[in-house]
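Here's the letter readout for the chains.
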Amino acid sequence: QVQLVESGGGLVQAGGPLKLSCAASENTRSYYNMGWFRQPPGKEREFVGYIAWNDNGTSYADSVKGRFTISRDMPKNTLYLQMNSLKPEDTALYYCAATLKWSNLNSYHQYDYWGQGTQVTVSS
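Throughout what follows, the structure given in this document is the object of discussion.

Conventions we followed
Residues numbered from 1 in each chain as written. Predicted model: local features only at pLDDT ≥ 70, side-chain atom pairs only at ≥ 80, totals over all residues. Heavy atoms only, no water. Helix = DSSP H or I, 4+ residues; strand = E, 2+ residues; numbered from the N terminus. Rg over C-alpha atoms; globule rule 2.2 N^0.38 Å. Areas by Shrake-Rupley, 256 points an atom, 1.4 Å probe, with all protein chains shown as cover. Pairing = 2+ DSSP bridges. Axes fitted to C-alpha atoms, helices over the stretch in contact; angles between N-to-C directions. Salt bridge = Lys/Arg side-chain N within 4 Å of Asp/Glu carboxyl O. Core = buried A, V, L, I, M, F, W, Y, C linked by side-chain atoms within 4.5 Å. Buried < 20%, exposed > 50% of the residue type's maximum accessible area, 1.4 Å probe, protein only. Contact = heavy atoms within 4.5 Å.

### A word on the overall build of the chain
Logical step 1: The number of helices and strands found in the chain is 0 helices and 11 strands.
Logical step 2: Element order for the chain, N to C, with α for helix and β for strand: β-β-β-β-β-β-β-β-β-β-β.
Logical step 3: In terms of overall dimensions, the chain is globule-like: its C-alpha atoms have a radius of gyration of 13 Å, near the 14 Å expected for 124 residues.
Logical step 4: By principal-axis analysis of the C-alpha atoms, the chain measures approximately 40 × 25 × 25 Å.
Logical step 5: Summed over all atoms, the accessible surface of the chain reaches about 6300 Å², with 47% contributed by carbon and sulfur.

### Digging into the sheet that holds strand β1 (residues 4-7)
Logical step 1: The 4 strands lie next to each other as β1-β3-β8-β7, forming an open sheet whose pairing is antiparallel. Two strands close off the open sheet at either side, each with one partner strand: β1 and β7 (68-73). When the angles between neighbouring strand axes are averaged without regard to direction, this sheet yields 15 degrees.
Logical step 2: Across 6 bridges, β7 lies against strand β8 (residues 78-83) in antiparallel orientation.

### Regarding the pattern of salt bridges
Logical step 1: One pass over the full model with this rule turns up 5 salt bridges.
Logical step 2: Taking the shortest distance from any N to any O, the salt bridge between Glu46 and Arg38 comes out at 2.6 Å.
Logical step 3: What you see here is one network of salt bridges that share partners, running through Arg38, Glu46, Arg67 and Asp90.

### Examining the nonpolar core
Logical step 1: Among the nonpolar cores identified, the biggest contains 32 residues, and Trp36, Leu81, Met83 and Tyr94 are the most heavily contacted of them.
Logical step 2: Mapped onto this core, the elements with two or more residues apiece are β3 (18-24), β4 (33-39), β5 (46-51), β7, β8, β9 (92-99) and β11 (118-123).
Logical step 3: For this core, the leading source of residues is β9, giving 5 residues.
Logical step 4: In contact with Tyr94, other than residues within four places in its own chain, are Glu6, Leu20, Phe37, Arg38, Val48, Phe68, Leu81, Met83, Gly117, Thr118 and Val120.

### Regarding unusual backbone geometry
Logical step 1: The residue Asn56 is not glycine, and still its phi comes out positive at about 60 degrees.
Logical step 2: Of note, Asn56 is situated in the loop between β5 and β6 (58-60).
Logical step 3: Positive phi is not limited to glycine here, since Ser85 has a value of about 50 degrees.
Logical step 4: Take Ser85: it is sitting in the loop between β8 and β9.
Logical step 5: With a relative accessible area of 41%, Ser85 lands in the partly exposed category.

### So, the environment of Val12
Logical step 1: You can see Val12 is positioned in strand β2 (residues 10-13).
Logical step 2: Residues Val12 and Asp90 lie 78 residues apart in sequence; the distance between their C-alpha atoms is 11 Å.
Logical step 3: Sequence-distant contacts of Val12, defined by excluding residues within four places in its chain, comprise Pro17, Leu86, Thr121, Val122 and Ser123.

### Focus on the pairing of β11
Logical step 1: Burial along β11 is one-sided: Thr118, Val120 and Val122 are buried, and none of Gln119, Thr121 and Ser123, which face the opposite way, are.
Logical step 2: Bridging between β9 and β11 involves 3 bridges; their strand directions are antiparallel. Across the sheet, Leu93 pairs through a bridge with Gln119, a residue of β11.

And the structure:
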């Protein structure tokens with residue numbers, strides 16, 4: 001069973017940075033593609049980005065491209081989401097997720113394991 005725990009959320013002013021972390025259990029050290037998703041208030045969960053386990057290749061939603069960066073520290077079993085130039089529309093509950101699948105990694109349906117989420121609020 002894969003366990004994921006997000007942290008680092010909080011209140012930040014528009015234009016500011018914030019870095020989220022996702023601590024994973026031992027058995028996610030390899031083979032799992034890792035994704036970040038978010039759920040704004042009153043809206044459906046949406047894709048933010050993912051990182052592939054084999055080459056650390058990344059992909060991002062257009063809405064965050066150029067502002068957000070996903071990275072992972074394999075020895076620490078930790079996934080990161082560096083968010084810069086935050087906007088009020090980035091306000092959401094942010095989740096990390098893990099999957100062994102390779103297709104449609106921008107769809108939350110493809111992920112088997114989820115953290116509990118961490119709240120990010122961006123004030124204008």
